Every structure is written in C-alpha cells, then in structure tokens.
Amino acid sequence: MQNMLTIISNALCRITGRNVGAQTVSELLIDLSEYVNLTSPAAPALATTQRQPPKPPPGARVVVSRSFADFTPQATFDIKKCDLHRLEDGPPLKAELTRDQGLQYYRTMQTVRRMELKADQLYKQKIIRGFCHLYDGQEACAAGIEAAITPSDHLITAYRAHGYTFTRGVAIKEILAELTGRKGGVAKGKGGSMHMYAPHFYGGNGIVGAQVPLGAGIALACQYQGNNQICVTLYGDGAANQGQLFESFNMAALWKLPCIFICENNKYGMGTSVERASASTDYYKRGDYIPGIRVDGMDVLCVREATKFAADHCRSGKGPIIMELQTYRYHGHSMSDPGVSYRTREEIQEVRSKSDPISMLKERMLSHNMASVEEFKEIDIEIRKEVEDAAQFATSDPEPPLEELCNHIFYNSPPLEVRGTHPWAKLKSIS
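Since the model is a prediction, treat every value here as computed from it, not as a measurement.

Enquirer: So what's going on with the overall build of the protein? Residues and values would help.
Expert: A count of helices and strands for the protein gives 14 helices and twelve strands. Classification of the 431 residues of the protein by burial places 47% in the buried group. Nonlocal contacts in the protein, meaning residues at least 24 apart in sequence, comprise 67% of its contacts between residues at least 6 apart.

Structure, rendered in structure tokens:
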C-alpha cells in the first residue's frame, strides 16, 4: 500500500511540478482534489475557497492530517484583573500564548488530572492506603506556577502535593509507586502521599502550615548564597490562620527574603468553608505590610502572569510577596471525605462546567485555531496509556524489604543500630 502511495505521489510531482508527499490515503485524496481544481476551467474561482477533503463513503473513517502551518502559532488573550494590596501596578491584563506552550500546559494539567483519578481508583481498591489528598480541579495552579519559575528555583508545599511533584520533574510511575508503598517510588515507598521530594522540591509536608517557616528558611538560604533564586512557599486557606505563618511573614519582610507566599484558596479547609473559618477572607492582604495579589487560580494564564510578576518582585530585592490563588478542589479534603456533606453536588458541577482549568485552555486554543480537536484527543489517549502503564508498575513493583525500613534517617551519618518492633530486635541504619 505504501509503495502504491509513493508511486502515485511521484507521478503527481512530475505532472504538476509541485512537491507532493502523501503519507496516507486521505492526504493523497486531498492532493488529487487540489490537482483537479488547478487543472479545471474554474480554477481561479476555486482557488480562493477553503480546501475540503472528499467526502468518505458511508461508514468509512478518514483521518485528515493538518500541517503545522494550518494553525495559529501565537495568540493574545484577555485575562482577569488581579486584586492588589500595597501595589501600584500588578500583573498585565493580557497574556501571550504560543501553540507549543498551550499544548504543554494542556498536557501537564491533563496528566495531573488523570494521575489523580487513577489514585482515587487505586485507593478505593485498597491498594493505596493511609492519607491521600487529591489535586484535581486545581491543576492550573501547579502548571501556571511552574511555567513562570525556573527549575533551579525552589518550591515547598503542604500535603496536597502530587501535582507539584509531577511539575517538578518526577515521573508518574514514581509518584504512583510512592502512593502504593513500593520501592520504585520517589521516596523508595517510605514517604507515601504527603512526603515526596525532588531536586529543589521539599515536599509534601503533613503538619498544617509547618512548611511556611521552612519556605522562609529556604528563601534565606537563597539570599545568603546570592544565587538569584526564589522560593515558592504554598499553603492552603485552612492553614492561613496559623500563627507560624505570621511569624514567617514578619521575618521575611524584615530581611527582604525572596519568597513568594502562595495561599491556594480552594474555598474549604477540610469541611469548613472559608467564611466560617476566617474573619477576613482576603488572604492576599494577610501580610499587612507585605504586598499581595489575588488571582484567578482556575486560569493557567492568570496564574502564570501573576507568578512572573511576583518572581520579578522578589528577584529585584523588594522582599516577599503574597499571592492568593482562588481555586477549587473537585474531590473531598482527603479520600476519607466524600466532599458533599458540606457542599452540594450542584456546586461542584457548576464549577466544573464554568471554570474547569483544562476545558478553559482547550476552548481558548480551539477558538483561535491553535490546535484541533483530534490533536487534543491524541494527547488524551497518550496520557491515559502513560498513566495506565504507571499504575501497572505501581501495583507490580515489590515493596521495600524490611532491612530498608530504618535507612536514610539522617542525611549523613555512620551506620547505627535502631530498635525494631520489640526490644531484642535490632536493625542497621545507613544513610
């Protein structure tokens, strides 16, 4: 079949004097129809019409490939204005997006979505146990932040950490294997959902708000080393009333630390709405003397532009800045929370239908001819396969052996003995 396509394509090249390189039957049909148009008496009139592939016979499925030249390479979009605190100017009201960027953001967010849905499935099958907090619905936060900082910048977050573990460069199979407690996991199966780490990524922290002073410390290290790096320190609206946050804000402001404090406000701290938990829900103003911005956290372009603005603020030596990302989680607080006892299913569905971050980006790109529906479907199929393969690894990889239990307690120390489950059992620990 391929030889026949080559022969006919070469013949068309000789007849028309044009470069014809059909690789599929549908492409050959398009080239043939163009040749007919060019050689017909009505060619001048037809040349201005949009080329259309021949209609397939009833029941036949013809896939028409499109050249990259058919798509808009770059477009500018209006984005929602950010609310400002102690700032004269804020992020721009327009955002440029290239086709490649858009496809990358879509792939990132869709991968996180599929990975979290697979984690949900594995948890319900009792393959994942213990604590598990899912990130679906909030994907624009992780994708937008990562698009605005460099791999050498630092990031620390709370226990809803799977999305950031992926955007910081960890493979899906290592994340899922960590969730299932296998030795191929990113923390060798000993950290689980809340404790994943990577270069310049410090977890995954289980204690509410405890990562915030750690993030300030990382920013202090950046300042001390003079490496022009920043630290992105994330926390949720449920942690926003913790005293340690305000202590960290105070030190960061005094020392002008290059730290972006980001509150991911997903409207509920566990099962309590922000209105019932906070006297003031303007989390971006909570730093008082620290500048702040409130951002649409469901729009990846809004998050990207706001994070770029905040990063430039920190790198210029102006000190810390606070960002509030208004977002929404589709699952409950954790897998033990059905998520519908304190909010209605209709509320969740309304957010899904009006503000879903993946759908919003997809519709923007389609409306500006930056990609095709078929292209998005192909990406979805690739991601589904990748996640399924990762789940297969995460359920077949062996668990870490018992002698690994006490290893890596300290970063660097000579071997030591650790008491086991009963007084006469001793385990060797190495770093």
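Past the structure itself, the notes keep going.
Enquirer: Can you explain the sheet that holds strand β4 (residues 154-156)? Please cite residues and give values.
Expert: One open sheet holds the six strands; their spatial order is β2-β9-β10-β6-β5-β4, and the pairing between them is mixed. The open sheet has two edge strands, β2 (83-85) and β4, and neither has a second partner. Within the sheet, the average angular offset between the axes of one strand and its neighbour, ignoring direction, is 20°. In the sheet, strand β5 (residues 231-236) pairs with strand β6 (residues 259-265) via six bridges, with the strands oriented parallel. Directly across from G236, in β6, lies its bridge partner E264. Set on the sheet, helix α8 (residues 211-225) makes contact with β4, β5 and β6; between it and β5 the angle comes to about 170°.

Enquirer: Now, about the packing of helix α4 (residues 99-124) against helix α14 (residues 373-396): what can you tell me, with residues and values included?
Expert: Contact pair α4 / α14: the axes reach a minimum separation of 9 Å and the direction vectors enclose 40°. Relative to α14, α4 is oriented oblique. Along this stretch, α4 crosses α14, giving a crossing that reads as right-handed. In this structure, α4 contributes R99, L103, Y106, R107, Q110, T111, R114, M115, K118 and L122 to the contact, and α14 contributes E375, F376, I379, D380, E382, I383, R384, V387, E388, A391 and T395. When its residues are assigned to classes, the contact of α4 with α14 shows nine nonpolar, three polar and nine charged.

Enquirer: Would you mind going over the packing of aromatic side chains in detail, with residue names and values included?
Expert: The final tally for this structure, using the stated rule, is five aromatic pairs. Taken together, a centroid distance of 4.6 Å and an interplanar angle of 55° make the contact between Y106 and F376 tilted. Of this pair, Y106 sits in helix α4 while F376 sits in helix α14, and the two are 270 residues apart along the sequence. Seen from their ring centres, Y268 and Y342 are 5.3 Å apart, and the 50° between their planes marks the pair as tilted. Taken together, the residues span a long stretch of sequence, with Y268 in strand β7 (residues 268-269) and Y342 in the loop between β10 (321-326) and α12 (345-355) at a distance of 74 residues. A relative accessible area of 10% means that Y268 is categorised as buried. Put simply, the rings of F246, F249 and F261 pair up and form one aromatic cluster. The ring of F393 has K173 sitting right over it, with the charged end atom 4.7 Å from the ring centre. Between the NZ or CZ atom of R352 and the centre of the ring of Y330, over which it lies, the distance is 4.0 Å.

Enquirer: Any details on the environment of I430? Residues and values, ideally.
Expert: Position of I430 among the secondary structure elements: in the segment after β12 (426-429). On the basis of relative accessibility, which here comes to 43%, the residue I430 falls in the partly exposed class. C-alpha separation for the pair I430 and N412, spaced 18 residues apart in sequence, amounts to 8.4 Å. Look past the residues within four positions of I430 in its chain and what remains in contact with it is N407, H408 and P415.

Enquirer: Can you lay out helix α13 (residues 357-367) for me, pointing to particular residues and giving the numbers?
Expert: Within α13 the residues assigned to the buried category are P357, I358, L361, R364 and M365. Buried positions in α13, seen along its axis, are confined to an arc of 135° and lie on one side of it. Pointing more than 90 degrees away from the buried face of α13 are the exposed residues E363 and S367. Sitting at the head of α13, D356 places a side-chain oxygen 3.2 Å from the backbone nitrogen of I358. Phi turns positive one or two residues past the end of α13, at N369, with a value near 55°.

Enquirer: Run through the pairing of strand β3 (residues 94-98), naming residues and quoting values.
Expert: Here β3 shows a clear split, with A95 and L97 buried on one side and none of K94, E96 and T98 buried on the other. With five bridges connecting them, strand β1 (residues 74-78) and β3 associate as antiparallel partners. When the bridges of β3 are listed, Q74 appears paired with T98.

Enquirer: Hey, could you go over a nonpolar patch on the surface for me, with residue numbers and the actual values?
Expert: Where nonpolar side chains cluster on the molecular surface, the patch consists of L220, M251, L254 and W255 and spans about 400 Å² of accessible area. Among the elements that take part in the nonpolar patch, helix α9 (residues 243-255) stands out by supplying three residues, more than any other. Of note, L220 is situated in helix α8. Judged by relative accessible area, which is 34%, L220 ranks as partly exposed.

Procedures and definitions
- Residues numbered from 1 in each chain as written.
- Predicted model: local features only at pLDDT ≥ 70, side-chain atom pairs only at ≥ 80, totals over all residues.
- Heavy atoms only, no water.
- Helix = DSSP H or I, 4+ residues; strand = E, 2+ residues; numbered from the N terminus.
- Buried < 20%, exposed > 50% of the residue type's maximum accessible area, 1.4 Å probe, protein only.
- Contact = heavy atoms within 4.5 Å.
- Pairing = 2+ DSSP bridges.
- Axes fitted to C-alpha atoms, helices over the stretch in contact; angles between N-to-C directions.
- Parallel < 35°, antiparallel > 145°, perpendicular 65-115°, else oblique.
- Left-handed = near helix turned anticlockwise from the far one by under 90°.
- Nonpolar A, V, L, I, M, F, W, Y, C, P; charged D, E, K, R; others polar.
- Phe/Tyr/Trp six-rings, centres within 6.5 Å; stacked < 30°, edge-to-face > 60°.
- Lys NZ or Arg CZ within 6 Å of the ring centre and 35° of its normal.
- Arc of directions from axis to C-beta.
- Polar contact = N/O pair within 3.5 Å; in protein donor to acceptor, adjacent residues only side chain to side chain.
- Patch = residues over 30% accessible without salt bridge, like charges linked within 9 Å, V, L, I, M, F, W, Y side chains within 5 Å.
- Areas by Shrake-Rupley, 256 points an atom, 1.4 Å probe, with all protein chains shown as cover.
- Salt bridge = Lys/Arg side-chain N within 4 Å of Asp/Glu carboxyl O.

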